[in-house]
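Coordinate inspection notes
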Amino acid sequence: MTTTGVLARSRHRIGRAGREHDSPGAPHRTDGGTGDRTAVHPYPPITGPWLHRISRDEHSKQDLLTGHLLRPGRPFTGRFRAEHSTPAPSATPLPLLTTTPAPPNSTEENRTDTTMAEGRTFKRCSCRDSDGKTLGQQCPKLRRADGGWSYRHGIWNYQIELPPALDGKRRGPLRRGGFATQDAAKDELGQVRDLLALADPREPATRTQIADLIKRTLAETDTLPDAETIRRKIKTGQHLTQEITVEQWLAEFLNRKRKIEETTRRSYEGHIRLYLTPYLGRLRLDQLKVSDIALMFEQIEEFNDTITERRADPDPTVRASLKYRRPISIATMHRIRATLRHALNMAMRQDRLIDFNPAAVLEMPAHTRPKAMVWTEDRVRAWQQDYCSYREAEKQRRGGRRVDPIDAFTSVPRPSSVMVWTPAQSRLFLEEARRHRLFALYQLIALRGLRRGEACGLRWKEVDLDGQTLTVNWQLVQLAWEVHEGTPKTDASVRTIALDTDTARVLRAHRQQQLQDRLAMGEAWTNTEFVFTQPDGSRLHPQHVSDQFLWLAYLAGLPPIRLHDLRHGAASLMLAAGVEMKVVQETLGHTSSAFTADTYTSVYPQVAMAAAEKTAALLFGEEDQAEPGKLISLRS
């Protein structure tokens, strides 16, 4: 047999060799190698003068069996090691890579890639020699007398080369140990190989990111990153090593929302600062779950219970700790969820940081707009009894000290959060407010339905007293306690409103009184051109208007409503007077008449009774009985 034939036959035997198993009865190595693909067969090692002596310290020696160059410092990966033409003793095993020998025409670059993709497993211990040097893989106790691995000594490790860094520099290999069995080390090694294989071969930058993610995740959590998460990020074009928290993204969300109204921005900022960041800010954006958001709202509801309990506490210091806190309504919770949903939609559609919006599928209690109810005589009587009982109980709880009447006036529960005065009650309020300097403002809201900010932001140049019209172009908006001037709420809110004769007369009288105040103030007068101002001419604070309204309602002996509820009453008055719904919609500045009908109208008892009488008269009236109706056949 020729030398070439012997080599071919030997390589064939090497390729068919099975892997060593660390179990009783399994075949063992006879050459002392530690690799995974060591051949096991009964044939003696091949020796002969044709074997070329190869030094591991030389660069350019070529292996005659495989035909490729050996890298310095790396042992030959085959069955044989050519050292003086004799096999190495098993007492000093050398680690063998798990890869098979490369083909004769392979290059050094190809072989390196194969090594990076495969890696190797090996066993080592912490024993030291007489000089105190760690033996590692060279410890003789790692193997039994028959050459097999010891069951009790050493731990299994694996090593795999990772792709170079972004700057092209070679990084150190990934080494992991502490495995009880070789199979456990092989399993994690296989997971690393699978993670690296997720990258497209044509995108080396992605493979580098995967390697960076593996190194960082192992350092932080001692576990490998989730393969499905990496696969999803690669599919959606996300950066693999960029981890953004919910707090960081919400800050970016606010920074991008530049073309929005100041009121909307302040609403977003409040939701993020008070709720979203404290409860969800520390979580990773791509790991945010529906359960995390649900837990946030559960904690908000628990805090609502805490507020209720502390407000009833007899200790004044406990009550004072919640002076500026109030329970969060279900409507506010829905707005908080809407802010989070909007921010996550931007992360999903613009930056593709997530592929699922958990806030969009969160189930919450249904929120419906409160139905406006009229203060009928029975409701007023029941409220008055509750008011008296509340004041007595509050006075006893405070130890006989005085109870603020306005606090009691607004704290007693009402049949609905939106209540409307009857026409008689509204007339009684205006009679009480006639002596107040803001009487014209309250009558304008009660009859024409202006919003509080629109009335406070009205200027004289937008009022035509001769033509009995005014134009709404601006409003004063209260943000926290600060006041900002801005445009109306919607485009439909910019409108021209007709004035009745009495309201035009009241505004003219208000104008005369303002001119007299200006002459009396002299140089101290602040010329702001607003219709309704402070005594020195400066602009009004919207909260001051609301506070004065509640005080006037209390002095008039009326049940409480909000200043905004005067707007509901104005809509109900117009409809009761027979004004068409389209006209009511344009007067209130709504975009849709359906919204006006569903939200800002209520039925007065006398109007409902009149409608019932008309219906009965149509059916039972004498004029209808004089001439019986004709029967019309539906069959033709």
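In what follows, the accompanying structure is described. (Residues numbered from 1 in each chain as written. Predicted model: local features only at pLDDT ≥ 70, side-chain atom pairs only at ≥ 80, totals over all residues. Heavy atoms only, no water.)

Details of the environment of tyrosine 554
- Tracing the chain through its elements places tyrosine 554 in helix α17 (residues 542-555).
- For tyrosine 554, a relative accessible area of 25% translates into the label partly exposed.
- Taking the C-alpha atoms as reference points, tyrosine 554 and phenylalanine 409, separated by 145 residues in sequence, lie 7.3 Å from one another. (Helix = DSSP H or I, 4+ residues; strand = E, 2+ residues; numbered from the N terminus. Buried < 20%, exposed > 50% of the residue type's maximum accessible area, 1.4 Å probe, protein only.)

A word on the sheet that holds strand β7 (residues 463-464)
- Taken in spatial order, the 3 strands line up as β7-β8-β11 in an open sheet, and their pairing is antiparallel. Single-partner strands in this sheet number two, and they are β7 and β11 (495-498). (Pairing = 2+ DSSP bridges.)

Looking at the sheet that holds strand β1 (residues 120-128)
- A sheet is described by the order of its strands in space; here 4 strands give the open sequence β2-β1-β3-β4, paired in antiparallel fashion. The strands lining the two open edges of the sheet, one partner per strand, are β2 (134-136) and β4 (174-179). Adjacent strand axes in the sheet meet at a mean angle of 30°, parallel and antiparallel pairs treated alike.
- By the bridge criterion, 2 bridges tie β1 to β2 in an arrangement that is antiparallel. When the sheet's bridge partners are listed, cysteine 125 is paired in β2 with glycine 136.
- Together, β1, β3 (155-160) and β4 form the strand contacts of helix α3 (residues 182-197), whose direction differs from that of β3 by roughly 20°. (Axes fitted to C-alpha atoms, helices over the stretch in contact; angles between N-to-C directions. Contact = heavy atoms within 4.5 Å.)

Description of the packing of aromatic side chains
- Scanning the entire structure with this criterion turns up 13 aromatic pairs.
- Seen in terms of ring centroids, tryptophan 551 and tyrosine 554 are 5.7 Å apart; in terms of plane orientation they differ by 35°. Their pairing is tilted. One end of the pair is tryptophan 551 and the other is tyrosine 554, both in helix α17 and 3 residues apart, which spans about a single turn.
- A residue is classified by how much of its surface remains accessible, and tryptophan 551, at 37% relative accessible area, is partly exposed.
- An aromatic cluster is defined as three or more aromatic residues linked by ring pairs; in this entry it consists of Trp375, Trp383, Tyr387, Phe409, Trp551 and Tyr554.
- A cation over a ring is seen here: arginine 143 above tryptophan 149, with NZ or CZ 3.8 Å from the ring centre.
- Here arginine 511 stacks its cationic end above the ring of tryptophan 460, 4.8 Å away from the centre of that ring. (Phe/Tyr/Trp six-rings, centres within 6.5 Å; stacked < 30°, edge-to-face > 60°. Lys NZ or Arg CZ within 6 Å of the ring centre and 35° of its normal.)

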